[in-house]
Amino acid sequence: MTLRNALNMKLKWKFWVSRFKMKNRNYFCYSNRVLGKDFNNQNQDVDFETAIEMTGTSGRILSIETLCLTNLLQKGYGRFHYFLLVVCGFVSTSEEMDVVSMSFILPSAQCDLKLNTYTKGWLNSIIFIGMMSGAYIWGSVADSLGRKKVLILISVMTGICILASGFSQSYSLFMFFRFLNGAALGGSGPVIWSYFAEFQPKKKRGSMLSFMAAFWTLGNLFVAGLAWIVIPSGIGYESPDFKLNSWRIYLLICSLPSFLVAMLLCFLPESPKFLLSRGEHDKAIEVFRHIYVMNTGSDASSYPVRTLEVAKKAIELKFNEEYASKNSCSGMLGDVMRNGKQLFTSPILKFTVISIVINFSFHIGYYGLMMWFPELFNRFNEYSQAHPGQPATICGVTEYVVNSGVNSENSATCSEKIAGSVFLESLITVAAAIPSNIFAVLGIDRLGRKFFLVFSTFTSGMCAIGLYFVHSSTTNLVVSAVFSSAISCGNAALDCLITEVFPTNLRATGVAVSMIAARLGGIIGNIVIATLLDLYCPAPTFIIAFLLIGGGLLCLFLPNTTRAPLA
């Protein structure tokens, strides 16, 4: 490169930098008004949202170009938030694995546990009954004692219960440990969503919550792929008194993520939003400093925030006698009762009721159909082997399997062998949710939570109706995959909306109550399908379609939380 070319490039660079400065002068003046005129002044007094954003901003701004990159690229994000996403995402992955794993076990365990369609429905539902019983308690305890402690305890309990169910040798004992597993899992959903949301800047919260929802799909993929590898392999040990066959080994492997996330959670701090709601201002500032150091690599002392505006009243009030008793058992129980009462008192009552109805109707469809897809694939496979090339509807296939199939009541034998194609079709159905999750991550902060939820419930409702009209295993797979894709997208939007609509001091409890409704929907969905699929086949798909579409439209009555600060 010649000297002349070098000088020309330098002049062009100065020209474009000067133009950039002039074009963005107003923006930077606005940034200085919001974040404080002097970043080297260590006594900034800001609100919670600004404090979160400043955890990704170096306290010593060297130039206007540096300030530009800081505001446009970092905006309160860095290594800490991505580590938080991974850990919280794996908590969701672990939860989904525990719930959905049963759907892959049913075809293989039907001989071992002597199952019919009715008992399969209850086996699918028992974990939701446990989740209902545990959700409210765990949510209220998390609003009283903290998110992190509760999440670690839940993860350890979940892992132990899955291990115990894998070693259970009878249907009743297996059901018992699945119930306890559900009771532990009941708090995982509401607490992890509250915990994760309370670290997010408002402009990124929707996309990052959608990103975390995508970990549910990862859990579905992992559990389906693992089932495909382990269950048909026939590995295991059997004796007259004890069985450890392939589907039990599959369960034992599914317990490992619970113990892993319990260890990872130990490296994360408590939610600063929760700490502020309890009046613990100094601890909240320490959490912000920890995030700041991890995001920027700077020294903690250079974090420019010293006082948070939202905490002033809490500082003035200090610790009264009521707060001093929070760590006692009676104080915690009092919190549980007070939180429940506030949820059902105006103005929160409207949000609570709508959240309950939406979650109930949505999860009747989500769990009601998704957990039965492997069973339906297995029934189509069994029918096609007996009637190669002959078309049949789901109802026709079900009638054959129930009355004349290998494992029907009229059959003298029982086969545990499941074709590998059943697990492959399940894997394809789950993988179909990946594009819709990416779409949700990219668009939920632009198009809004309500758009995605209404679009999802309408599309998945139409797919539920379409299942009644399929005539082959291929069309059944296509419609099931579209259903999985559409409803997964809506699941992300629903989780965002419900998490954001409740105030901080009631968030975990409010989400927990909504999750109770979701689990009730899962129970009813599974039992209704198990009962009506064999007795009156057309009913389940049309009932699910009506509930999905109607429930989705109710979200229009909730406030718009897109890019709004958390209450």
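Residues numbered from 1 in each chain as written. Predicted model: local features only at pLDDT ≥ 70, side-chain atom pairs only at ≥ 80, totals over all residues. Heavy atoms only, no water.

A.B. asks: Which residues make up the environment of Ser436, and what are the values?
C.D. replies: Looking at the element boundaries, Ser436 is found in helix H22 (residues 433-447). According to the relative accessible area criterion, Ser436 is buried, its value standing at 9%. In sequence terms Ser436 and Ala486 are 50 residues apart; their C-alpha atoms lie 6.8 Å from each other. When near neighbours in sequence (up to four residues on either side) are disregarded, Ser436 contacts Ser485, Ser488 and Cys489. Within the structure, the side chain of Ser436 is placed 2.8 Å from the backbone oxygen of Ser485, a separation counted as a polar contact. (Helix = DSSP H or I, 4+ residues; strand = E, 2+ residues; numbered from the N terminus. Buried < 20%, exposed > 50% of the residue type's maximum accessible area, 1.4 Å probe, protein only. Contact = heavy atoms within 4.5 Å. Polar contact = N/O pair within 3.5 Å; in protein donor to acceptor, adjacent residues only side chain to side chain.)

A.B. asks: Which residues make up helix H11 (residues 246-254), and what values go with them?
C.D. replies: H11 sits mainly inside the fold: eight of its nine residues count as buried. Every buried residue of H11 is listed here: Ser246, Trp247, Arg248, Ile249, Tyr250, Leu251, Leu252 and Cys254. On its buried face, H11 is in contact with helix H5 (79-109), helix H7 (147-167), helix H8 (171-185), helix H10 (202-230), strand S3 (243-244) and helix H12 (256-265).

A.B. asks: Report on the pattern of salt bridges, specifying residues and quantitative values.
C.D. replies: Applying the stated criterion across every chain, the model contains seven salt bridges. Glu95 is paired through a salt bridge with Arg519; the nearest N and O atoms lie 3.2 Å apart. A residue pair is termed long-range when its members are at least 10 positions apart, and Glu95 in helix H5 and Arg519 in helix H25 (residues 507-535) qualify at 424 residues. As a salt-bridge pair, Glu500 and Arg449 come within 2.6 Å of each other at their nearest N and O atoms. On the criterion of sequence distance, the pair formed by Glu500 in helix H24 (residues 473-501) and Arg449 in helix H23 (residues 449-467) is long-range, its members being 51 residues apart. (Salt bridge = Lys/Arg side-chain N within 4 Å of Asp/Glu carboxyl O.)

A.B. asks: Break down the nonpolar core for me, with residues and values.
C.D. replies: Note on soluble globular proteins: their nonpolar side chains tend to be buried together. Core analysis: the biggest nonpolar cluster contains 141 residues, and Phe104 and Tyr250 have the highest contact counts within it. Residue contributions to this core peak at 14 residues, all from H5. (Core = buried A, V, L, I, M, F, W, Y, C linked by side-chain atoms within 4.5 Å.)

A.B. asks: Explain the confidence of the model for the chain residue by residue, including any values.
C.D. replies: In this model, the chain carries an average pLDDT of 77, and 80% of its residues clear a pLDDT of 70 or more. The model gives residues 58-74 a pLDDT under 50, and that stretch makes 30 contacts with residues more than four places away or in other chains. Here residues 311-327 scores under 50 on pLDDT; set against residues more than four positions off or in separate chains, the count is 19 contacts. (pLDDT = per-residue confidence, 0-100.)

A.B. asks: Outline the packing of H25 against helix H26 (residues 538-553), supporting the account with residue identities and numerical values.
C.D. replies: Between H25 and H26, the least distance of the axes is 7 Å, while the angle of their chain directions is 140°. As judged from the angle between their axes, H25 and H26 are oblique. In this structure, H25 uses Ile529, Leu532 and Leu533 to contact H26, whose residues at the interface are Ala539, Pro540, Ile543 and Ile544. Residue composition of the contact of H25 with H26, grouped by class: seven nonpolar, no polar and no charged. (Axes fitted to C-alpha atoms, helices over the stretch in contact; angles between N-to-C directions. Parallel < 35°, antiparallel > 145°, perpendicular 65-115°, else oblique. Nonpolar A, V, L, I, M, F, W, Y, C, P; charged D, E, K, R; others polar.)

A.B. asks: Explain helix H14 (residues 281-296) to me, and be specific about the residues and the numbers.
C.D. replies: The first and last C-alpha atoms of H14 sit 22 Å apart over 16 residues, in line with the 22 Å expected at 1.5 Å per residue. Residues His281, Ala284, Ile285, Val287, Phe288, Arg289, Ile291, Tyr292 and Asn295 constitute the buried set of H14. In the stretch just after H14, Gly297 is the one whose phi turns positive, near 80°. (Expected span 1.5 Å × (residues − 1).)

A.B. asks: Can you explain a nonpolar patch on the surface? Please cite residues and give values.
C.D. replies: A surface patch of nonpolar side chains, about 370 Å² in accessible area, is lined by Trp228, Ile229, Leu424 and Ile428. Among the elements of the structure, H10 and helix H21 (420-431) are those that each provide at least two residues to the nonpolar patch. Residue position: Ile229 is located in helix H10. (Patch = residues over 30% accessible without salt bridge, like charges linked within 9 Å, V, L, I, M, F, W, Y side chains within 5 Å. Areas by Shrake-Rupley, 256 points an atom, 1.4 Å probe, with all protein chains shown as cover.)

A.B. asks: I'd like a description of the packing of helix H9 (residues 188-197) against H10, backed by residues and values.
C.D. replies: It is at 10 Å that the axes of H9 and H10 come closest, and there the two elements cross at 145°. Note that H9 runs across H10; the crossing there is right-handed. Every residue of H10 that contacts H9 at Ile192, Trp193, Phe196 and Ala197 is listed here: Arg205, Met208, Leu209, Met212, Ala213 and Trp216. Its residues placed into classes, the contact of H9 with H10 shows nine nonpolar, no polar and one charged. (Left-handed = near helix turned anticlockwise from the far one by under 90°.)

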